[in-house]
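# Structural description and commentary
For reference, the chains in residue letters:
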Amino acid sequence: MRGLLTLKSLSQQEIMDIIELAIRFKKGWTINFPGKKMVNLFYENSTRTQYSFQMAMINLGITPLSFNLASSSVAKGETLYDTVRTFESLGVDGIVIRHSQDVYYRDLESIKVPIFNGGDGSSDHPTQTLLDLMTIYEEFGYFEGLKVALVGDISHSRVAHGNAEVMKRLGMDVYVSGPSQFADQTAKFIELDDAVEKCDIINLLRVQFERHQEEMQITKEEYHERYGLTVARVANMKPKAIIMHPAPINRGIEIASEVAECSKSRIYKQMENGVYIRMAVITMALEGRL
Ligand code: NCD
């Protein structure tokens, strides 16, 4: 399949090529694809991913088609495959999909148009991983040996799962932290107070309330005290260490409100980099390189 479904199938060199192209776009390099059209099919809510893909299309001279899930034939029961096949027949040049089903793209193997995964269930979110890596690369200039803690609702987080796989491959020392209710085998466990002292990157994750089958075992206040990045914890971070979060953020739960905008936070830079990463993956796909 063409496009970008997961980073698992890309080599380290291919991942670096995407980041380098995104950095070129950030420095002002431009390219245009006149006459091309793309569509965002978001079966789950999204602000950053959806609109930064749209922004990336516009920056590349591509016309984005608007798709409204509620008023589309999905509401009549049309399947993902039939919806995608429809847009392919209409003649779009690329399709961005976010869906609650893990690895939804298995059903789309016969589709020829490039597909960009905007997040699948709790499994993967490749453009988020790339923009996180770009942010880390801009900060440190390398990956090998950096210590990163993924903190929070690990088991429900596609960002944790996607990031951990690639970060390990790039030679980073990956840890997870958070409540045992949300733990899985993604990486070795570290207590949050140790993580803030040791790690170069604290990669916070949103508590994924909408995916929980059972209620959280502790209150939001307890979560913040035990597993949240408080002002006091930030004071114990290494001088050059940074804070990341894919957002949306739950202020007062996984992150103190003041911390979101403190000097260590790269949360808004991540959003900015997301546009350049999406420009890079669309460009490479339209050039036949992805
Ligand atoms: C993430 C997502 O949707 O997976 N957000 C994003 O894409 N920026 C994380 C989240 O929703 O918690």
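This text follows the structure it describes.
Residues numbered from 1 in each chain as written. Predicted model: local features only at pLDDT ≥ 70, side-chain atom pairs only at ≥ 80, totals over all residues. Heavy atoms only, no water.

### Observations regarding the sheet that holds strand β6 (residues 147-151)
What the 5 strands build is an open sheet, ordered β8-β7-β6-β9-β10; its pairing is parallel. Of all strands in the sheet, those with a lone pairing partner are β8 (188-189) and β10 (242-244), marking the two edges. Where strand β7 (residues 173-177) meets β8, 2 bridges bridge the pair, whose relative direction is parallel. Bridged to Tyr175 within β8 is Lys188. Seen against the sheet, helix α4 (residues 126-140) touches β9 (201-204) and β10 and runs at an angle of roughly 170 degrees to β10. (Pairing = 2+ DSSP bridges. Helix = DSSP H or I, 4+ residues; strand = E, 2+ residues; numbered from the N terminus. Contact = heavy atoms within 4.5 Å. Axes fitted to C-alpha atoms, helices over the stretch in contact; angles between N-to-C directions.)

### Some thoughts on the packing of α4 against helix α5 (residues 158-169)
Close contact between α4 and α5 brings their axes to 9 Å; oriented N to C, the two are set at 55 degrees. Taken together, the axes of α4 and α5 lie oblique to each other. The hand of the α4/α5 crossing is right-handed. Residues Gln128, Thr129, Asp132, Leu133 and Ile136 of α4 lie in contact with α5, whose contacting residues are Val159, Gly162, Asn163, Val166 and Met167. A per-class count over the contact of α4 with α5 returns 5 nonpolar, 4 polar and 1 charged. (Parallel < 35°, antiparallel > 145°, perpendicular 65-115°, else oblique. Left-handed = near helix turned anticlockwise from the far one by under 90°. Nonpolar A, V, L, I, M, F, W, Y, C, P; charged D, E, K, R; others polar.)

### Looking at the site of the ligand
Taken together, Arg48, Thr49, Arg98, His125, Gln128, Arg158, Val159, Arg206, Gln208, Pro246, Ala247 and Pro248 form the complete shell of residues around the ligand. The contact in question runs from an oxygen atom of the ligand to an N or O atom on the side chain of Arg98, over 3.0 Å. Arg206 has a polar side-chain atom sitting 2.7 Å from an oxygen atom of the ligand. Protein burial of the ligand: of its 320 Å² of free accessible surface, 94% is covered by the chains. Of the residues that constitute the shell around the ligand, the class distribution is 4 nonpolar, 4 polar and 4 charged. (Near = heavy atom within 4 Å. Polar contact = N/O pair within 3.5 Å; in protein donor to acceptor, adjacent residues only side chain to side chain. Areas by Shrake-Rupley, 256 points an atom, 1.4 Å probe, with all protein chains shown as cover.)

### Remarks on the sheet that holds strand β2 (residues 37-42)
Taken in spatial order, the 5 strands make up an open sheet running β1-β5-β4-β2-β3, and their pairing is parallel. Unpaired on one side and paired on the other, β1 (3-4) and β3 (63-65) mark the two borders of the sheet. Alignment of β2 against β3, held across 3 bridges, turns out to be parallel. Residue pairing in the sheet places Lys37 in a bridge with Thr63 of β3.

### Some points on the packing of helix α1 (residues 12-26) against helix α10 (residues 267-286)
As a packed pair, α1 and α10 sit with axes 8 Å apart at the nearest point and diverge in direction by 115 degrees. Regarding the angle of α1 to α10, the classification is roughly perpendicular. α10 is crossed by α1, and the crossing has right-handed handedness. Contacts between α1 and α10 involve Asp17, Ile18, Ile19, Leu21, Ala22, Phe25 and Lys26 from the former and Lys269, Glu272, Asn273, Tyr276, Ile277, Met279, Ala280, Val281, Thr283 and Met284 from the latter. A breakdown of the residues in the contact of α1 with α10 according to their chemical character gives 11 nonpolar, 2 polar and 4 charged.

### Digging into the pairing of strand β4 (residues 94-99)
Counting buried positions along β4 gives 6 out of 6 residues, so the element sits mostly inside the fold. Residues Gly94, Val96 and Arg98 line one face of β4 and the alternating positions Ile95, Ile97 and His99 line the opposite face, and both faces are buried. Where β4 meets strand β5 (residues 115-120), 4 bridges bridge the pair, whose relative direction is parallel. Looking across to β5, one finds that Val96 is bridged to Phe116. (Buried < 20%, exposed > 50% of the residue type's maximum accessible area, 1.4 Å probe, protein only.)

### Description of the environment of Ser180
Topologically, Ser180 is positioned in the loop between β7 and β8. By relative accessible area, which is 65% here, Ser180 ends up exposed. Each C-alpha atom of the pair Ser180 and Ser155 lies 9.8 Å from the other, and the pair is 25 residues apart in sequence.

### Brief notes about the pattern of salt bridges
Opposite charge on two side chains permits them to pair, given that their charged atoms come into close proximity. Per the stated rule, a full pass over the model turns up 16 salt bridges. Connected through salt bridges with shared partners, the residues Lys26, Glu138 and Lys269 form a single ionic network. (Salt bridge = Lys/Arg side-chain N within 4 Å of Asp/Glu carboxyl O.)

### Some words on unusual backbone geometry
Here the residue pair Ala247 and Pro248 is connected by a cis peptide bond, since its omega of 5 degrees sits within 30 degrees of zero. In this fold, Pro248 is placed in the loop between β10 and α9 (257-260). Positive phi outside glycine occurs at Val103, with the angle close to 50 degrees. With respect to the helices, strands and loops of the structure, Val103 is situated in the loop between β4 and β5. Residue Val103 is classed as buried on the basis of its relative accessible area of 19%. In this model, Ala247 sits at a positive phi of 65 degrees, which is unusual for a non-glycine residue. Following the sequence through the fold, Ala247 ends up in the loop between β10 and α9.

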